[in-house]
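# Coordinate inspection notes
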Amino acid sequence: AGLVCSLKTRTTIIAATNAKGHFDPDADLSTNTGIAGPLLSRFDMVLVLLDRPNDEWDRTVSEFILRAQAGLAQDETVIASQDADPAAP
């Protein structure tokens, strides 16, 4: 990017990016994100979070958020009872 800077060793850098199009699990991270390998190698840890399409789960979460913002009562058991991976069969 043409940016040169010096950072203290205690500096934490967090970066986020979306996949270019749809995430391809068979392609490498550099191809999926459009970030060059040398730049990716500067990070000590890279965490990939995937949002698998699931209309029912998306509707449940969005209704929960909207109700919370409106100050309405919540049915917390609906959210708490979901599996860690709601897309799993």
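Everything quoted here is computed from the prediction, not taken from an experiment. (Residues numbered from 1 in each chain as written. Predicted model: local features only at pLDDT ≥ 70, side-chain atom pairs only at ≥ 80, totals over all residues. Heavy atoms only, no water.)

The subject of this paragraph is helix α3 (residues 55-70). Taking 1.5 Å per residue, 16 residues should reach 22 Å; α3 reaches 22 Å between its end C-alpha atoms and fits that length. Its side-chain oxygen at 3.2 Å from the backbone nitrogen of E56, N54 defines the N-terminal cap of α3. Remark: G71 follows α3 within two positions and exhibits a positive phi of approximately 75°. (Helix = DSSP H or I, 4+ residues; strand = E, 2+ residues; numbered from the N terminus. Expected span 1.5 Å × (residues − 1). Polar contact = N/O pair within 3.5 Å; in protein donor to acceptor, adjacent residues only side chain to side chain.)

Residue placement: V46 occurs in the loop between α2 (37-40) and α3. Residue classification places V46 among the partly exposed positions, given a relative accessible area of 43%. Considering only alpha carbons, one finds V46 and I14, 32 residues apart in sequence, at a separation of 9.7 Å. (Buried < 20%, exposed > 50% of the residue type's maximum accessible area, 1.4 Å probe, protein only.)

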